[in-house]
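Structural features, examined
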Number of protein chains: 4
Amino acid sequence: MKTHDARFRVRYAETDQMGVVYYANYLVWMEVGRVEYCRSLGFNYRDMEKEDGIGLAVAEANCRYLFPARYDEEIVVKTGVSEAGPRMIQFSYQIENAANGKTLASGFTKHVFVGPDMRPCKLPPKYRARFGIK
Amino acid sequence: MKTHDARFRVRYAETDQMGVVYYANYLVWMEVGRVEYCRSLGFNYRDMEKEDGIGLAVAEANCRYLFPARYDEEIVVKTGVSEAGPRMIQFSYQIENAANGKTLASGFTKHVFVGPDMRPCKLPPKYRARFGIK
Amino acid sequence: MKTHDARFRVRYAETDQMGVVYYANYLVWMEVGRVEYCRSLGFNYRDMEKEDGIGLAVAEANCRYLFPARYDEEIVVKTGVSEAGPRMIQFSYQIENAANGKTLASGFTKHVFVGPDMRPCKLPPKYRARFGIK
Amino acid sequence: MKTHDARFRVRYAETDQMGVVYYANYLVWMEVGRVEYCRSLGFNYRDMEKEDGIGLAVAEANCRYLFPARYDEEIVVKTGVSEAGPRMIQFSYQIENAANGKTLASGFTKHVFVGPDMRPCKLPPKYRARFGIK
């Protein structure tokens, strides 16, 4: 599985009073990984949404938390496509501490392609090859 | 100045590692207060946006922080309109701890009315009376 | 399975440019459901954390998204405990539109009890009965 | 006034249903700018908090919004210290679109130094020179 790395630092806003990153923020990081993955394939999620009216509605999200991420740590999100068809796509993520390579969390998100009316649709052919969809 | 109270509890997600509510979240609370204020005037911000395409673009926001809000405390946001004209409106807020009445923060937000193209516009007459605008 | 309802309205801050609630926010809502569930059992998560230094570290979170939640809708989060032992607990959630009872999403979170050092520990006996743990 | 640039892209999570960045997120960006500014001065906000127990409690925040920031745009936050003394510090920010240099927003945050008990204190001498405080 081809993967792509997105890197950024943990923001203070992302911590909670337990002194670690609040669990919902890992899903935000998955989104950052997903967007950068698309960009690495040579297209831009924003343009797909804007020009073709195609969105990726989330159908399921899952995250397993192994070690807490902490403020100001540099994070790497390794993103790949673990499954894809004309109507759906699944991304997989590994979230690591960049300094020591420790895996902090892993997970996946499943998406269905939707049109401007938010109803499921098939991904236009021009985008399929990029995701390895026939 | 007529005011309206919005009440809710501090969420864990809203805290940071200092053990208090992260400062940007007070602006989210102001939004909650603003929306409830409009509802108390007998109309719904959502409908104004949806049916008339009128939005309230924020032009300025200010918050003074006096005492930290903490997880699970019940909060009251007292919202009023401190200034209003056909093209702009200013809301004022007092954020209190509901249990002891202590003022935690106060602030204001200035807004301009915008149309569906995000350009400034005049508030349609039918909404003006509600805000006391002539 | 005993469940408890938490109710609140969708905040503007919780929407994204697709016009629906951003997917990570459902995990914030699960936290709101979890806290209210504990309160309905007669104890307070904040006090457990503060007085006994016991936290609930998230080990896994899962959410299936059926229909999008939209701004200003009233939401009900039905929370229950689907599994529990001295070292871990699993909460299940059903997230509904309060006006029409439609299920918008469902999911679960698994937690391990941790001490002040963030290391796994056993839940103190005084809290076990509340969760139906022997 | 010496300034430092922090750069990042707008996240999908940061947008709202108006199709632009939600206003509270500019305060999160100011925090990112503030932290990177401190790093550029050769010290780390995290260490100051962890090793010396010194925090920067926010006393006031202000933001003027000129043009909306949109999803996936690259943002630059230019941060400087506009005022500083042994007990307080004020940071100023200019938030720009990196691609065209347009100023999107500007603002400031005022902070008081606080000790581990969250009470105001004087900044330890070793940090003062870095901020140009005598």
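My aim in this report is to walk through the structure given alongside it, one point at a time.

Definitions and limits used
Per-chain numbering applies: the sequence of each chain, read as written, is numbered from 1 onward. Chains and ligands are labelled by the order in which they are written, letters from A for the one and numbers from 1 for the other. The predicted nature of this model means local features are confined to residues of pLDDT at least 70 and side-chain atom pairs, given and counted, to a pLDDT of 80 or more, with totals for whole chains, interfaces and linings taken over all residues. Hydrogens and waters are ignored; side-chain quantities use all the structure's heavy atoms. In what follows, residue pairs with any heavy atoms lying within 4.5 Å of each other are defined as contacts. A simple way to read buried area is as the amount of 1.4 Å-probe accessible surface that goes missing from two parts once joined, with both sides added. Note on definitions: salt bridges are taken to be side-chain nitrogens of Lys or Arg within 4 Å of carboxyl oxygens of Asp or Glu. Any pair of nitrogen or oxygen atoms within 3.5 Å is treated as a polar contact; in protein, a donor-acceptor pairing is required on top of that, and neighbouring residues in sequence qualify only through side-chain atoms on both sides. Strands here are runs of E lasting at least two residues and helices are runs of H or I lasting at least four, both read from the DSSP assignment and numbered beginning at the N terminus. Note on residue classes: Ala, Val, Leu, Ile, Met, Phe, Trp, Tyr, Cys and Pro are nonpolar, Asp, Glu, Lys and Arg are charged, and everything else, Gly too, is polar. Any two strands with at least two DSSP bridges between them are considered paired. Aromatic pairs are defined between Phe, Tyr and Trp rings, using the six-membered ring for Trp, whenever the two ring centres lie within 6.5 Å; interplanar angles under 30 degrees are classed as stacked, those over 60 as edge-to-face, and all others as tilted. Only protein chains enter the accessibility calculation, which uses a 1.4 Å probe; a residue is then buried when its area is under 20% of its type maximum, exposed when over 50%, and partly exposed in between. Definition used: whenever NZ (Lys) or CZ (Arg) falls within 6 Å of the ring centre and also within 35 degrees of the ring normal, the charge is taken to sit over that ring. Between N-to-C directions, angles span 0 to 180 degrees; the directions come from axes that are lines fitted to C-alpha atoms, helices contributing only their stretch in contact.

**Describing the interface of chain D and chain B**
- Residue-level contacts link 28 residues of chain D with 28 residues of chain B.
- Per-residue buried area on chain D facing chain B is highest for D:M18, D:Y23 and D:M118; these three make up 29% of the total on that side.
- Our count for the chain D to chain B interface comes out at two salt bridges.
- Ionic pairing is found between B:R64 and D:E60, a salt bridge with its closest N-O pair at 3.7 Å.
- For the pair chain D and chain B, the interface holds 14 residue pairs in polar contact (both at pLDDT 80 or more).
- Elements that contribute at least two residues to the side of chain D that touches chain B include exactly α1 (25-40), α2 (45-52) and β2 (55-65) of chain D.
- If you tally residues by element for the side of chain D that touches chain B, the top one is β2(D), at eleven residues.
- Its residues assigned to classes, the side of chain D that touches chain B comprises 18 nonpolar, four polar and six charged.
- Strand direction decides the pairing type here: strand β2 (residues 55-65) of chain B and β2(D), joined by five bridges, are antiparallel. From the neighbouring strand, B:C63 faces β2(D), where its bridge partner is D:A61.

**So, the packing of aromatic side chains**
- All told, the structure shown has 48 aromatic pairs over all chains when counted by the stated rule.
- Relative to D:Y65, the ring of D:Y26 has its centre 5.0 Å away and its plane inclined at 90°; by these criteria the two rings are edge-to-face. Of this pair, D:Y26 sits in helix α1 while D:Y65 is found in strand β2, placing the two residues 39 residues apart along the sequence. Side by side, D:Y26 and D:Y65 carry an identical accessibility label, which is buried.
- The structure contains a cluster of three or more aromatic residues connected by ring pairs, namely A:F8, A:Y22, A:Y23, A:Y26, A:W29 and A:Y65.
- Here the basic side chain of C:R11 rests over the ring of B:F8, its NZ or CZ set 5.3 Å away from the ring centre.

**Considerations on the sheet that holds strand β4 (residues 88-97) of chain C**
- On the basis of which strands lie adjacent, the open sheet formed by ten strands has the order β1(A)-β3(A)-β4(A)-β5(A)-β2(A)-β2(C)-β5(C)-β4(C)-β3(C)-β1(C) and antiparallel pairing. Edge positions in the sheet fall to β1 (3-9) of chain A together with β1 (3-9) of chain C, since each has one partner strand and no second. Along the sheet, successive strands turn relative to each other by an average axial angle of 25°, direction set aside.

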